Amino acid sequence: MDRFSWSNGLLEIDETLVIQQRGVRLYDGDDKAKLDLGVALLSTHRLIWRDVKNHECCIAMPLSQIIFFEEQAGGIGKSAKIVVHLHPAPANKEPGPYQHSKYSFIKLSFKEHGQIEFHRRLTEEMTQKRWENTPVSQPIPTGTGPQAGRTRAVGIVGIERKIEERRKETDKNISEAKEMVELSRSIANKIKDKQGDITEDETIRFKSYLLSMGIANPVTRETHGSGTHYHMQLAKQLGDMLQAPLEERGGMMALTEVYCLVNRARGMELLSPEDLLNACKMFESLKLPLRLRVFDSGVMVVQLQSHSEEEMIASALDNVSDKGSLTAEEFAKLLGLSVLLSKERLLLAEKMGHLCRDDSVEGLRFYPNLF
Amino acid sequence: MSFEWPWQYNFPPFFTLQPNVDTRQKQLAAWCSLALSYCRHHKLYTLDVMEAQESPVFNNKKIERKLSMEAIQVVFEELRKKGNLEWLDKNKSRCLVMWRRPEEWGKLIYQWVSKNGMVNSVFTLYELSNGDDTEGEEFHGLEEWMLLRSLQALQTEGRAEIITMDDGKGVKFF
């Protein structure tokens, strides 16, 4: 534990946050460190730890100090840990919580899990060694007494500034964009954790930043955020959720109707249109009893797999013959469908040659095809 | 005898150009047939497109439907492809309507000529279209341009020859 130095926890210009995990306790070798529970942060350059109760208590260590590390599985009453073996501290190391230690390793104990992901990221960073490309100076320790207000404002503005810089770099370099997303995710987690660093207003502001960056769902419980895995889960959820509404509506609903229905039901974790669309595209491959279908006009619907098109068209023809002629609106009223879907059905019947159209100033009417 | 309208004439969709290709084909066939029989009935040989839009053929006041200008052009083009119509001007505002094609007229005329044993005789055009002898024949009253076309068709077949005389044209049948 004597490799750590006091830190203000602020990231440097070229330093990016990779992952953070709360509920981490530190061990000096095999002994519990006097530092209790906190948040462990991994950046491209350093390993940082901040006390959850006292935010000014923050320590950091350059990643270059790490020789190697390994996982230590948890057990009954014991949390999983990562054991990190370290080089000796350099002579010019800034002061930290421990002047001296008899151990050359520390442990990170993950009281609230997250060790798998942390371990994975640490592995990545230690492989890529990004700190070698963009060395940062050791941040000047601010000691134990910076004004609480100023730290808060500086912290947020600093991160905001980094967001701005990242934005510009994104235009030039795709890999920079990836870092951007990582940063946003960590901010999102911070919002979730509500560590008190951020006020309500700022929370809302951050959420809007995230939305503008295209991360519509800031609170994600998946370690793999918005990936295919997420869409698969979503598709299954939709499969269950939509059965009853579809049956009520004659087996077919426009995608826009589905979007409204689903988001109204969810309330909080709203789906983006892209996510809904991507999930619907997976219905067939997941062998769910639903299908996404696109009409010639571009209108997209979700329909029950059991839905039979021929039946629909035959019944459409019956309806029209019965009444002599029908407009899309009249047909919609007759069947209890939306006008959009009723029109699609009539158009399909026309395409099949069962109906023909009468287009005049009075509107568009469909007749049985007597030609 | 008054003109008998086909059932499609009172079917509103008849006046909307159908998007379904198969349906459209049937629709156009019906339109061509209607236009030609109407012209035949009223012995119309030329049509003015502007006037046509208001004529009862393309405008059914009873059901308040009429063919759009675009659709009329499509019908006319269809007639032209079949050989029943010829544009008189580049702007496509006036056309000749051949509800019987020149070849068909030629055949009728030749039949009459040979039936009456008049092969190898010479006729003036006037004699053929307006002569007493031809009264009662379908080609009686045929407009000159149409008669000429018909005879030209026969000429191509080698069954007649058009000759220029002092006061007009004549024809000899073989």
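For the structure itself, look to the data block above.
Rules and cut-offs
- Residues numbered from 1 in each chain as written.
- Chains lettered and ligands numbered in written order.
- Predicted model: local features only at pLDDT ≥ 70, side-chain atom pairs only at ≥ 80, totals over all residues.
- Heavy atoms only, no water.
- Core = buried A, V, L, I, M, F, W, Y, C linked by side-chain atoms within 4.5 Å.
- Buried < 20%, exposed > 50% of the residue type's maximum accessible area, 1.4 Å probe, protein only.
- Helix = DSSP H or I, 4+ residues; strand = E, 2+ residues; numbered from the N terminus.
- Axes fitted to C-alpha atoms, helices over the stretch in contact; angles between N-to-C directions.
- Parallel < 35°, antiparallel > 145°, perpendicular 65-115°, else oblique.
- Contact = heavy atoms within 4.5 Å.
- Nonpolar A, V, L, I, M, F, W, Y, C, P; charged D, E, K, R; others polar.
- Pairing = 2+ DSSP bridges.
- Buried area = accessible area lost by both parts, 1.4 Å probe.
- Salt bridge = Lys/Arg side-chain N within 4 Å of Asp/Glu carboxyl O.
- Polar contact = N/O pair within 3.5 Å; in protein donor to acceptor, adjacent residues only side chain to side chain.
- Expected span 1.5 Å × (residues − 1).
- Bend = angle between axes of the 7 residues up to and from the residue.

The next subject is the nonpolar core. Burial of nonpolar side chains together is a common tendency in soluble globular proteins. Counting 55 residues, the largest nonpolar core has B:Trp31, B:Phe76, B:Leu128, B:Leu151 and B:Phe173 as its most contacted members. Tallying contributions element by element places helix H1 (residues 21-41) of chain B first for this core, with nine residues. If you look at the next biggest cluster of nonpolar residues, it comprises 29 residues, including A:Ala40, A:Leu42, A:Leu47 and A:Ile82.

Next up on the list: the packing of helix H5 (residues 228-248) of chain A against helix H6 (residues 255-266) of chain A. All names here are of chain A. Closest axis-to-axis distance for the H5/H6 pair is 11 Å, and the angle between their directions is 105°. Overall, the two elements H5 and H6 adopt an arrangement that is roughly perpendicular. Where H5 abuts H6, its residues Leu234, Gln237, Leu238, Met241, Leu242 and Pro245 lie against Val258, Leu261, Val262, Ala265 and Arg266. Grouping the amino acids of the contact of H5 with H6 by side-chain chemistry returns nine nonpolar, one polar and one charged.

Our next topic: the sheet that holds strand S4 (residues 85-87) of chain B. All names here are of chain B. In space, the three strands of this open sheet follow the order S1-S5-S4, with antiparallel pairing throughout. Sheet topology places strand S1 (46-48) and S4 at the edges, where each strand pairs with a single neighbour. Across this sheet, the average inter-strand angle for adjacent strands is 30°, counted without regard to direction. Relative to strand S5 (residues 94-97), S4 runs antiparallel, the two being bridged by three bridges. Among the inter-strand pairings, Glu86 is bridged to a residue of S5, identified as Leu96. Strands in contact with helix H3 (residues 69-82) are S1, S4 and S5; relative to S4, the strand with the most contacts, it is inclined by about 110°.

Turning our attention to the interface of chain A and chain B. Counting residues at the interface gives 15 residues for chain A, matched by 15 residues for chain B. Looking only at chain A, the three residues that lose the most surface to chain B are A:Arg357, A:Leu370 and A:Phe371, adding up to 49% of its buried area. One salt bridge in this structure joins B:Arg65 and A:Glu362, with 3.4 Å as the shortest N-O distance. Scanning the region where chain A abuts chain B turns up seven residue pairs in polar contact (both at pLDDT 80 or more). When residues of the side of chain A that touches chain B are traced back to their parent elements, those giving at least two are helix H10 (339-351), strand S13 (355-360) and strand S14 (363-368) of chain A. Here the side of chain A that touches chain B is built from residues that sort into six nonpolar, three polar and six charged.

All right, on to H5(A) then. All names here are of chain A. The end-to-end C-alpha distance of H5 is 30 Å, a good match for the 30 Å that 21 residues give at a rise of 1.5 Å each. Its axis deflected by about 45° at Leu242, H5 carries its strongest bend there, up to four residues before the proline Pro245. Those residues of H5 that are buried are in contact with strand S9 (252-254), H6, helix H7 (273-281), strand S10 (290-294) and strand S11 (300-304).

Residues and elements named next belong to chain A. Taken together, the three strands give an open sheet; going across it, the order is S9-S11-S10, and neighbouring strands pair in antiparallel fashion. The open sheet has two edge strands, S9 and S10, and neither has a second partner. Here the strands of the sheet are splayed against their neighbours by 25° on average, with no regard to which way each runs. Looking at chain direction, S10 and S11 are connected through five bridges and run antiparallel.

Before going further, it helps to examine the side chain of B:Gln18. As for its position among the elements, B:Gln18 is in the segment before H1. Residue classification places B:Gln18 among the buried residues on the basis of a relative accessible area of 0%. The residues contacting B:Gln18, other than those within four sequence positions of it, are A:Glu350, A:Cys356, A:Arg357, A:Phe371, B:Pro13, B:Thr23, B:Arg24 and B:Gln27.

It is worth spelling out unusual backbone geometry at this point. Residue and element names in this part refer to chain B. Of note, the phi angle at Glu64 is positive, near 60°, even though the residue is not glycine. Mapped onto the secondary structure, Glu64 falls in the loop between strand S2 (59-60) and strand S3 (65-66). Looking at Glu64, the relative accessible area reads 61%, which means it is exposed. A positive phi angle is found at Asn120, which is not glycine, with a value near 80°.

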